[in-house]
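Each chain, written out:
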Amino acid sequence: MSEDRIISDEEESLFEQVTGKQFTRRSFLKWSSVLAGAAVASGLLWDDKLGLFREASAQEKMAGKGKWIYTTCQMCGGTCGINVHVVDGRVVKIEPNEFNPVGVANISTDFAAKKALGGRICPKGNSGAVALYDPDRLKTPMKRIGPRDSGRWKAISWEAALNEVAEKLLELRQHHGPEALFWCTEDSSFTDMQSDFNLLYGSPNFSMHSNLCDVARKASFKLVMGDDRPLVDFANTKYALVFGWNMLGATKWSLLPGIWNDGRARGAKMVYVDPIYSQTAAKADEWIPIRPGTDGAFALALGHEIVKNGWQDQEFIKNYTVGFDKYAELVKDKTPEWAEKITSIPATTIRRIAQELAATKPALVDAWSGPGHHTNATDGGRAIAMLGALLGQYDKPGTMISRQAMGGKRRAFNLDKPKAERVDGLGTKYPFAHVSGIYTEVRDAMLSGQPYQLRAGVFMFQNFVMSVPNTRKNIEALKKLDYIVVMDTMMSETARLADLVIPGSHYLERWEVNVNWVTFPATSIRQPVVKSVINGMTEQEFILALAKKMGLKDKDGKSLPDTYPEYINDQLKNGPIGKTLDEMLALPGGVFIGGATQYEKYKKNGFATPTKKIEFYSEQMEKKGLNPLPDFVEPIYKPTAEFPFYLVNFKQSEHTHSRTFNNERLMEMKPDNPLLINSETAARLGIKDGGAIWLESPYGKEKATVQVTERIHPEVVALQHGYGHWGFGKIARGSLNKVNTWCPAGTADGVFLAGVSEKASGMAVHKEIGVRLIKA
Amino acid sequence: MTSIAQTVHPETVARTAAISMACSIGQPGVLKLLSSMYLCKPSRETIAGWMSLLSDDGMGLDELRDALNAIDTASDRILEDLLWDYTRLFIGPYKLPCPPWESVYRSQAKLMMQDAADEVRRIYAAFGLSVEETGVMPDHIGIELNFLALLYERAADENGRQSDCMRIDQMFLNDHLTKWVPQFTVDMEMAADTQLYKTLARTTRNALDLPRA
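Residues numbered from 1 in each chain as written. Chains lettered and ligands numbered in written order. Predicted model: local features only at pLDDT ≥ 70, side-chain atom pairs only at ≥ 80, totals over all residues. Heavy atoms only, no water.

Description of the overall build of chain A
So, point 1. Looking only at helices and strands, one finds 29 helices and 28 strands in chain A.
So, point 2. Against the globule reference of 28 Å for 776 residues, chain A gives a C-alpha radius of gyration of 28 Å, in line with a compact fold.
So, point 3. For the C-alpha atoms alone, the extent of chain A along its principal axes is close to 100 × 60 × 55 Å.
So, point 4. Taking all 776 residues of chain A together, 63% fall into the buried category.
So, point 5. In the structure as shown, chain A presents an accessible area of about 27,400 Å², 51% of it carried by carbon and sulfur atoms.
So, point 6. Positive and negative side-chain charges of chain A, numbering 96 and 89 respectively, have mean locations separated by a distance of 1 Å. (Helix = DSSP H or I, 4+ residues; strand = E, 2+ residues; numbered from the N terminus. Rg over C-alpha atoms; globule rule 2.2 N^0.38 Å. Buried < 20%, exposed > 50% of the residue type's maximum accessible area, 1.4 Å probe, protein only. Areas by Shrake-Rupley, 256 points an atom, 1.4 Å probe, with all protein chains shown as cover. Lys, Arg positive; Asp, Glu negative; His and termini not counted. Charge placed at Lys NZ, Arg CZ, Asp CG, Glu CD.)

Below you can see the structure in the form of structure tokens.
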């Protein structure tokens, strides 16, 4: 303003408050931000603070100082180590952290030998800074104006958001009981603290990610050999039979391509089973295209051949397993010819593979979500897991190895068990379900109000609408809730339905402890390398502040600590690692290594099943009314005359779930999501490459682009998971797609699905539906 | 500072002088007003504040004054529409049609906090200043306009160092505001639903004497 204008008292005091300087007319004019006249007195930045400039500190005047900071990636849940170059508080480069084994090797001796060569990160990890500095990030809490899905929002302060959520949740608990709250979260994201929040609040309905990922695999291996996530030792194997796990093309732990290359260099052979010729199939010695959902039949026929020819490891079976005779009886008629009809794999191929597998040691048999996303997944997975048991190939170099881990010790609370049962049938309707819950059941409970009505939902970094199968039902279900809070870095289809949207942090802005997925104890620290770009609270800070505001305490008056670093410091210090957070950070790469890979641990401890042995026959399943033997049952939603093709989904390493689709660096690699159709099928139907087509199931109908290829089973069509956004950023909605005008965001897979879960594990069924193709 | 001064473009000198003449509240005042309109949400109070500054005639800001005068501040609905327009344009939650940061316009990847943010921060530091408000990035349109205003003020205020300040402001206009504000204001003018924000876009461009991109 001009020099002679009148400066109000209010401006004076504001000036002093902001600058910390004593007011003088000169200093005011010289230093203050001097927003226009009355705006200074009244008005209002996003968070109502004033003062644009102050005197730069000596440090700020020295530009260009950079440093490298070790932390862990969270573009997916893989927790790979990264080393971030930060210059003047800005991330300029992300490199691998070779001290973290997740980017190097999963066997301790291999890790020691290889780490000097450096670690690895994937395309997502390399694009981390794009997500950090994405201008479409949510920047401040926003409250919806008008009816749900009105699309109008009002920016509110963090304090106002905290007050609102606290008030709503307390009111909910008072009027409807704590169980009326459903809270869900993505994985590797302070799930410990969120779980504690729900315990203290009293709601049993806390869900995490795995139910949408790999819980059928978890249930299968756990039922057979007592470990829900044994890990592959590709580097030291001679023969790998892998079912439906594109570990080279949809890489989660970036060590995977390296350890497969190492194994291959030492002469390992891989047979890869999948309806889709993935990058892993390309690097295998043999690709076995299989009908979706029939992996169990293939595994049983392999078992048949092994037992018929007496190739099993009799000594191992005698000492470490139960129920072999009943298994032998089961597979007696599971001939390769029987399996050929079901799987479409020639009987001669099945015989040959059985022979190769039995004759080569060490060998490993593994499976992931290919067989795992079907209505018969737990039994199929058990049949697969039993092949390793038949041949004595567990917990030895080059086989499937049980992991040893050292984490933190969780804070103990003195609380009564929640009065209400979970709505989703975890442990009851789904007797072998994982602690992550059963999403389709939660969704159905929202719709039916049974066993009781859920009334509020908190969705943490979890795009429920796009992630749970049957998109239409998901939307209807969320509309039944009275109150929805979404915490995420970006708007999403779920956030559009929310009452309150709270900005999430990026992983380079927050703390966490990662217990790494390698066979030996390795625990790494995720730390903030920059301050919040949006100047916001982290989710952790928000939840802790919320717990405090709501006065959540246990019966002894114990509550959550004030800060998350304090929370994890306690966990680390009081747990088996016994180090403080600072001591952890001082370790090379911020990674604690707690020992070497150990083999044949079962010789000392047995297996962690009820019988302490590998269970070919499962009494615990029998007790729950399930088949104790892994007999083959046809998938429920297999194709029909009306919907004659199998539709499956698949993933690729440039994306995680549905959440990375607004990242330009990642989307420019594949802006469209064409439907893969076998060339023979396409020719028969007169379908052309690059054209539009309608894809229809009993549950949905959408347009897609066609990609004619040899890379898929002739009876199967496939879509990559995660595309098809309409409520996410511009890039996710298809701005880079220059070809396909009829569905520029790419076709979503979830709309075609029935939206059910597998009966034993509760795994969401993502890959099982019949579809028809209609010319567009 | 000497090295920065070498980038001065002679045209800028004439241009800045012309703007100063045109505005009776003074060039720094105009820039601070615009800065405030980008940084502050519209409300009864802020609108009254902005209007009080524009009450005099002959300031070269007639269009902006008319747009403010046309707002019926008694109407909650109109104020809500204005606030939603501001929110949608500069805060979110959706894809921002005119992200108010130089980095987004000038970086290849269209991201926040890229080289431009670093450059302006260094210029502020060279001038002994740092952005106080941690909720606003250094290359926000409101911060850049405010900084330019401070440069003009100092140029007038400190006779001894006038030449230095003039060099910085010319450089700052040339190397920063000129490089992105034309496109930013076009995007904003197209995306804004309300007359106020369409006019603010045009007025910003005119006040800096920048062409339409």
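Following the structure, the description resumes.
Digging into the overall build of chain B
So, point 1. For chain B, the count of helices and strands is 11 helices and 1 strand.
So, point 2. Sequence-ordered secondary structure for chain B, helices as α and strands as β, is α-α-α-α-α-α-α-α-β-α-α-α.
So, point 3. Per-residue burial over chain B gives 62% buried out of 213 residues.

Looking at the pattern of salt bridges
So, point 1. Counting across every chain of the model gives 59 salt bridges over all chains.
So, point 2. Two residues, Arg229 of chain A and Asp214 of chain A, come together in a salt bridge whose shortest N-O distance is 2.9 Å. Placement of the pair is Arg229 of chain A in the loop between α10 (215-225) and β9 (231-232) and Asp214 of chain A in the loop between β8 (206-207) and α10, with a sequence separation of 15 residues.
So, point 3. Asp214 of chain A sits in the buried class, given a relative accessible area of 2%.
So, point 4. With its nearest N and O atoms 2.8 Å apart, the salt bridge here joins Arg443 of chain A to Asp444 of chain A.
So, point 5. Owing to a relative accessible area of 0%, Arg443 of chain A belongs among the buried residues under this scheme.
So, point 6. Judged by its relative accessible area of 25%, Asp444 of chain A is partly exposed.
So, point 7. Where salt bridges share partners, they join Asp88 and Arg90 of chain A together with Asp115, Asp118, Arg121 and Arg122 of chain B into one cluster. (Salt bridge = Lys/Arg side-chain N within 4 Å of Asp/Glu carboxyl O.)

As for helix α13 (residues 295-308) of chain A
All names here are of chain A.
So, point 1. End to end, α13 covers 20 Å across 14 residues, agreeing with the expected 20 Å (1.5 Å per residue, within 8%).
So, point 2. The buried fraction of α13 amounts to 13 of the 14 residues, a majority that puts the element mostly inside the structure.
So, point 3. Downstream of α13 by one or two residues, Gly310 has phi in the positive range, about 65°. (Expected span 1.5 Å × (residues − 1).)

Some remarks on the packing of aromatic side chains
So, point 1. Enumeration according to the criterion identifies 42 aromatic pairs over all chains in this entry.
So, point 2. For the pair Tyr277 of chain A and Trp287 of chain A, a centre-to-centre distance of 5.1 Å together with 75° between the ring planes defines the contact as edge-to-face. Taken together, the residues Tyr277 of chain A in the loop between β11 (269-273) and α12 (279-283) and Trp287 of chain A in strand β12 (residues 286-288) connect sequence positions 10 residues apart.
So, point 3. An aromatic cluster is present here, built from Tyr38, Tyr86, Phe90, Tyr105, Trp180, Phe184 and Tyr197 of chain B joined pairwise through their rings. (Phe/Tyr/Trp six-rings, centres within 6.5 Å; stacked < 30°, edge-to-face > 60°.)

What about the sheet that holds strand β19 (residues 512-515) of chain A?
Residues and elements named next belong to chain A.
So, point 1. Strands sit in the order β19-β20-β21 across an open sheet of 3 strands; the sheet is antiparallel. Single-partner strands in this sheet number two, and they are β19 and β21 (591-593). The mean angle between the axes of side-by-side strands here comes to 15°, regardless of whether they run parallel or antiparallel.
So, point 2. With 4 bridges joining them, β19 and strand β20 (residues 522-526) adopt antiparallel strand pairing. Bridging from a neighbouring strand, Val513 pairs with Ile525 of β20. (Pairing = 2+ DSSP bridges. Axes fitted to C-alpha atoms, helices over the stretch in contact; angles between N-to-C directions.)

Here's the deal with the environment of Ala282 of chain A
So, point 1. Here Ala282 of chain A is to be found in helix α12.
So, point 2. In the structure, Ala282 of chain A is positioned 429 residues away from Arg711 of chain A in sequence and 9.8 Å away in space, judged by C-alpha atoms.

Brief notes about unusual backbone geometry
So, point 1. For the peptide bond that leads from Lys361 of chain A to Pro362 of chain A, omega is -5°, which places it in the cis range.
So, point 2. In this fold, Pro362 of chain A is placed in the loop between α17 (347-359) and β14 (363-367).
So, point 3. With an omega dihedral of -5°, the bond running from Gln450 of chain A to Pro451 of chain A counts as a cis peptide bond.
So, point 4. Within the secondary structure layout, Pro451 of chain A lies in the loop between α20 (439-448) and β16 (456-460).
So, point 5. The phi torsion at Lys612 of chain A lies on the positive side, around 65°, for a residue other than glycine.
So, point 6. Take Lys612 of chain A: it is sitting in the loop between α26 (602-605) and β22 (614-615).
So, point 7. Look at Lys110 of chain B: it is not a glycine, yet its phi comes out positive at around 55°.
So, point 8. Taking the relative accessible area as the measure of exposure, Lys110 of chain B reaches 47% and is therefore partly exposed.

Notes on the nonpolar core
So, point 1. In this structure, Met446 and Phe459 of chain A together with Phe147, Leu177 and Tyr197 of chain B are the most contacted members of the largest nonpolar core, which totals 95 residues.
So, point 2. With 10 residues, the top contributor of residues to this core is helix α10 (residues 162-191) of chain B.
So, point 3. Beyond its immediate chain neighbours, meaning those up to four positions away, Leu177 of chain B contacts Ile141, Glu144, Leu145, Leu148, Phe172, Pro182, Leu208 and Leu210 of chain B. (Core = buried A, V, L, I, M, F, W, Y, C linked by side-chain atoms within 4.5 Å. Contact = heavy atoms within 4.5 Å.)

Some thoughts on the environment of Pro521 of chain A
So, point 1. In this structure, Pro521 of chain A sits in the loop between β19 and β20.
So, point 2. Along the backbone, Pro521 of chain A and Tyr439 of chain A are 82 residues apart, and their C-alpha atoms lie at a distance of 31 Å.

Remarks on a positive patch on the surface
So, point 1. Residues Lys730, Arg733 and Lys738 of chain A together with Lys110 of chain B make up a contiguous surface patch of positive charge.
So, point 2. Assignment of secondary structure puts Lys730 of chain A in the loop between β27 (716-720) and β28 (770-775). (Patch = residues over 30% accessible without salt bridge, like charges linked within 9 Å, V, L, I, M, F, W, Y side chains within 5 Å.)

Brief notes about the pairing of β11 of chain A
Residue and element names in this part refer to chain A.
So, point 1. Within β11, 4 of the 5 residues are buried, which leaves the element mostly enclosed by the surrounding structure.
So, point 2. Relative to β11, strand β10 (residues 239-243) is paired through 5 bridges, and the arrangement is parallel. Its bridge partner lying in β11, Val242 is registered against Tyr272.
So, point 3. Once the chain exits β10 it traverses helix α11 (residues 256-265) before rejoining the sheet at β11, and the crossover so formed is right-handed.
So, point 4. Where β11 lies against β12, 3 bridges are found, and the strand directions are parallel. The residue of β12 that forms the bridge with Tyr272 is Trp287. (Right-handed = clockwise from strand over helix to strand, strands pointing away.)

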